[in-house]
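Listed below are the residues making up each chain.
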Amino acid sequence: ESGARQLRVRVAPANGEKLTQNNERPALLEVRNRREKILLVEGEPRFEGKFIRRAIADEKNLHLVVLQRTAPEKFLRLDVDSAGELATGFPKSRAELFSYRALILGSIEASFFTHDQLQMIAEFVSKRGGGLLMTGGANSFGEGGWAGTPVAEVLPIQLERGGGARKFIPLVVRPTRAGSAHPITRLANTEQASQTRWQTLPQVSTANAVGGLKSGATALLPADNGATVLAHQRYGRGIALAFTAQDSWLWQMHNDIAVED
């Protein structure tokens, strides 16, 4: 329930421990029953956005707003709070962007944004304390011209400049030790059971060739070919994640997955 909670954390004294006064620490926790708004920006119709919306449809504390480009200077807006929200496209002011709690960038090229908007996205993470997730796609990461932008500084992986023919690379994904324990990627009650569950999931694919992890970043999901699939890092007051797969919806909709799962 909402409200303030006084917590007290205790550690039992070890055998022979002389100083036990520091084995206990109080903490004040405030539970807020509020709705967090997330902005998903897509440059083209894709299954990923559809299944993200479906996955969180019953989460009363999450509100996903979708801005999808349908043609030059034309957008499809889903689940906006008012007629004026995102009416002119991606936010042009910090006040407008900072009203969201998190930002998801789908398959959309960096040149879609002005330099001020790119800088604003970086400050959304570092100063506002928001969350940024970039997902894989034909116009994501280096293939979308994101290398060398302020947003590239925020992401937990090194970006390579895209070029040449786009390739679709199959990915057999298995979690790292950190991934087996992390709430995002833990699929069972124990780390071992989570590792076993990951081995049953179908492969996905990526269109992005990315570099290595940045110092301070943590890989949660690598692929069998050594590529990073999911990584995160703290950046300023916020957090940034890179998810290079472009078709994670297969983990739910593939015919090898039980319908009730």
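Structure: above.
The present account deals with the structure reproduced in this document. (Residues numbered from 1 in each chain as written. Predicted model: local features only at pLDDT ≥ 70, side-chain atom pairs only at ≥ 80, totals over all residues. Heavy atoms only, no water.)

1. Quick look at empty space enclosed by the protein
Then, number 1: The full count for this structure, using the stated rule, is 1 cavity of 30 Å³ or more.
Then, number 2: Reported here for the largest cavity is a volume of approximately 40 Å³.
Then, number 3: Lining the largest cavity, in full, are Leu-171, Val-172, Val-173, Arg-174, Trp-198, Leu-201, Pro-202, Gln-203 and Trp-251.
Then, number 4: Across the lining of the largest cavity, the residue classes break down as 7 nonpolar, 1 polar and 1 charged. (1 Å grid on protein atoms, 1.4 Å probe; cavity = no way out; pocket = protein on both sides within 12 Å on 5 of 7 lines; lining within 4 Å. Points joined across faces, edges and corners; volume = space filled by probe spheres on them. Nonpolar A, V, L, I, M, F, W, Y, C, P; charged D, E, K, R; others polar.)

2. Points about the sheet that holds strand β4 (residues 62-71)
Then, number 1: Pairing is mixed across the open sheet formed by 8 strands, whose spatial order is β5-β4-β3-β6-β7-β14-β13-β12. Strands with a single pairing partner mark the edges of an open sheet, and in this sheet they are β5 (74-78) and β12 (218-222). The sheet shows a mean angle of 15 degrees between the axes of neighbouring strands, direction not considered. (Pairing = 2+ DSSP bridges. Helix = DSSP H or I, 4+ residues; strand = E, 2+ residues; numbered from the N terminus. Axes fitted to C-alpha atoms, helices over the stretch in contact; angles between N-to-C directions.)

3. As for the packing of aromatic side chains
Then, number 1: According to the stated counting rule, one finds 10 aromatic pairs in the structure shown.
Then, number 2: Geometrically, the ring pair formed by Phe-113 and Trp-146 is tilted, given 5.6 Å between the ring centres and 55 degrees between the ring planes. Of this pair, Phe-113 sits in the loop between β6 (102-105) and α3 (115-126) while Trp-146 is found in the loop between β7 (131-135) and α4 (150-154), placing the two residues 33 residues apart along the sequence. Accessibility classification places Phe-113 together with Trp-146 in one group, the buried group.
Then, number 3: Centre to centre, the rings of Trp-198 and Trp-251 are 5.2 Å apart; their planes meet at 85 degrees, and the pair counts as edge-to-face. (Phe/Tyr/Trp six-rings, centres within 6.5 Å; stacked < 30°, edge-to-face > 60°. Buried < 20%, exposed > 50% of the residue type's maximum accessible area, 1.4 Å probe, protein only.)

4. Concerning a nonpolar patch on the surface
Then, number 1: Together, Leu-7, Leu-29 and Val-31 make up a nonpolar patch on the protein surface, roughly 220 Å² of accessible area in all.
Then, number 2: Its place among the elements puts Leu-7 in strand β1 (residues 3-10). (Patch = residues over 30% accessible without salt bridge, like charges linked within 9 Å, V, L, I, M, F, W, Y side chains within 5 Å. Areas by Shrake-Rupley, 256 points an atom, 1.4 Å probe, with all protein chains shown as cover. Salt bridge = Lys/Arg side-chain N within 4 Å of Asp/Glu carboxyl O.)

5. Some details on the environment of Thr-228
Then, number 1: Topologically, Thr-228 is positioned in strand β13 (residues 228-235).
Then, number 2: The exposure class assigned to Thr-228 is buried, which follows from its relative accessible area of 12%.
Then, number 3: Once the C-alpha coordinates of Thr-228 and Ala-209 are considered, the two residues, 19 residues apart in sequence, prove to be 9.4 Å apart.
Then, number 4: Other than its neighbours up to four places away in sequence, Thr-228 contacts Ile-157, Val-210, Leu-213, Leu-221 and Thr-244. (Contact = heavy atoms within 4.5 Å.)

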